[in-house]
Amino acid sequence: MADITAAAVKDLRERSGAGMMDCKKALTETGGDMEAAVDWLRTKGLATAAKKSGRTAAEGLIGVTVEGKKGAAVEVNSETDFVSKNEQFQDFVRTVTTLALGTGDDIAALKATAYPTGGTVEEKLTANIATIGENQALRRARTLSVNEGAVVAYVHNAAATGLGKIGVLVALEGSADVAKIEALGKQLAMHIAAASPQALTEEGLDAALVERERAIATEKAAESGKPANIIEKMVEGAVAKFRKENSLLNQLFVMDNKTKIADVVAAAAKEAGGTIALVDYVRFQLGEGIERETSDFAAEVAAASGVGPKA
């Protein structure tokens, strides 16, 4: 049996991110061969990850970062909120968010990207599943960039710098002073986090979303018992209101609840003595759209004990 030194265990741990006991076992199983031990851990990680892949992962973190005139937002999920406080998990989200600046919105490309400590992003994620002990998923990524102006990032309910439950990016094109553009961007990002717009403009709203709102409005209006022509006007009014309330440029600024965002941007540009245009934004909220599992704890205990429910 090979003599496994503490230094070898430490080296393997730094390379793989695996726990100390797993590293020692890997080196023992492979006769102290470092490369073979790395492969052994990866194989173990794949097996562990496969067992956990069916579990719902709706917690985790949103990461946002900006470099130069480009920003990225990424969502990485875990099974429990506890993992979001794990330094290993936070470091992974932070690193992957930075890597997304180079891969854009393509999750497959991001997963295939080389991870700084070795292997690919996907392989590092698999290793994290094995060492942290929970299913995790790299769910989505978005990037924004401008030619002139600034991309501004904001995190609401931050767990650490650039990491939190809601992440926002705002892209502002313009010739105005960059510091003033960034100050405006921060205010707009806070508005977006709070108001949750569905699109930049009315035209950008998802047609299916609008039609769903129309169906709801039609059903409500029909209950009024009013004539058909009045019902039609009621429905169109409700849909128009929905469009305005859910398109960012038409929303009322949360800081005064009376000025449209389009007017806030125009006023800032005039004050700055240059051009400013709000061209795009990203708002990621952790777990949105993921169907979370619900469980009946009493029923689970009864099932495990073989005792059926009471009649």
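As the structure is a computational prediction, the values presented were derived from the model and not from experiment.

Draft legend 1. Broad picture of the pattern of salt bridges. The full count for this structure, using the stated rule, is ten salt bridges. Of the charged contacts, one joins Lys-165 and Asp-81 as a salt bridge, the two residues approaching to 2.4 Å between their closest N and O atoms. Of this pair, Lys-165 sits in strand E5 (residues 163-173) while Asp-81 sits in the loop between strand E2 (70-78) and helix H4 (87-103); the two residues are 84 residues apart in sequence, bridging distant segments of the chain. Lys-165 sits in the partly exposed class, given a relative accessible area of 21%. Close ionic contact of Asp-105 with Arg-142 constitutes a salt bridge, the shortest N to O distance being 3.6 Å. Pair noted here: Asp-105 is in the loop between H4 and helix H5 (107-112) and Arg-142 is in strand E3 (residues 136-145), with a separation of 37 residues, a long-range link.

Draft legend 2. Here's a closer look at unusual backbone geometry. For Ser-196, which is not glycine, the phi dihedral falls at a positive 50 degrees. Of note, Ser-196 is situated in the loop between helix H7 (178-195) and helix H8 (207-222). Notably, Asn-257 is not glycine yet its phi reads approximately 55 degrees, a positive angle. With respect to the helices and strands, the residue Asn-257 is situated in the loop between helix H9 (228-246) and helix H10 (261-272).

Draft legend 3. Expanded view of the pairing of strand E4 (residues 149-160). Note: E4 against E5, ten bridges, orientation antiparallel. Paired with Ala-158 across the two strands is Gly-164, which belongs to E5. Connecting E4 to the antiparallel partner E5 that follows it, the hairpin turn spans two residues, and Gly-162 within it adopts a positive phi of roughly 75 degrees.

Draft legend 4. Up close: helix H6 (residues 121-132). The end-to-end C-alpha distance of H6, which contains twelve residues, comes to 16 Å, matching closely the 16 Å that a straight helix rising 1.5 Å per residue would cover. By the burial criterion, the buried members of H6 are Val-121, Lys-124, Leu-125, Thr-126, Asn-128, Ile-129, Ala-130 and Ile-132. Following H6 by one or two positions, Gly-133 adopts a phi angle in the positive range, close to 90 degrees.

Draft legend 5. Quick peek at the packing of H7 against H10. Running from amino to carboxyl end, H7 crosses H10 at an angle of 165 degrees, the nearest separation of the two axes being 10 Å. Compared by their axis directions, H7 and H10 come out roughly antiparallel. Every pair of crossing elements has a handedness; the one defined by H7 and H10 is right-handed. Between H7 and H10, the residues in contact are Lys-180, Leu-184, Leu-188 and His-191 and Ile-261, Val-264, Val-265, Ala-268, Glu-271 and Ala-272, respectively. Here the residues of the contact of H7 with H10 sort into seven nonpolar, one polar and two charged.

Conventions we followed
Residues numbered from 1 in each chain as written. Predicted model: local features only at pLDDT ≥ 70, side-chain atom pairs only at ≥ 80, totals over all residues. Heavy atoms only, no water. Salt bridge = Lys/Arg side-chain N within 4 Å of Asp/Glu carboxyl O. Helix = DSSP H or I, 4+ residues; strand = E, 2+ residues; numbered from the N terminus. Buried < 20%, exposed > 50% of the residue type's maximum accessible area, 1.4 Å probe, protein only. Pairing = 2+ DSSP bridges. Expected span 1.5 Å × (residues − 1). Axes fitted to C-alpha atoms, helices over the stretch in contact; angles between N-to-C directions. Parallel < 35°, antiparallel > 145°, perpendicular 65-115°, else oblique. Left-handed = near helix turned anticlockwise from the far one by under 90°. Contact = heavy atoms within 4.5 Å. Nonpolar A, V, L, I, M, F, W, Y, C, P; charged D, E, K, R; others polar.

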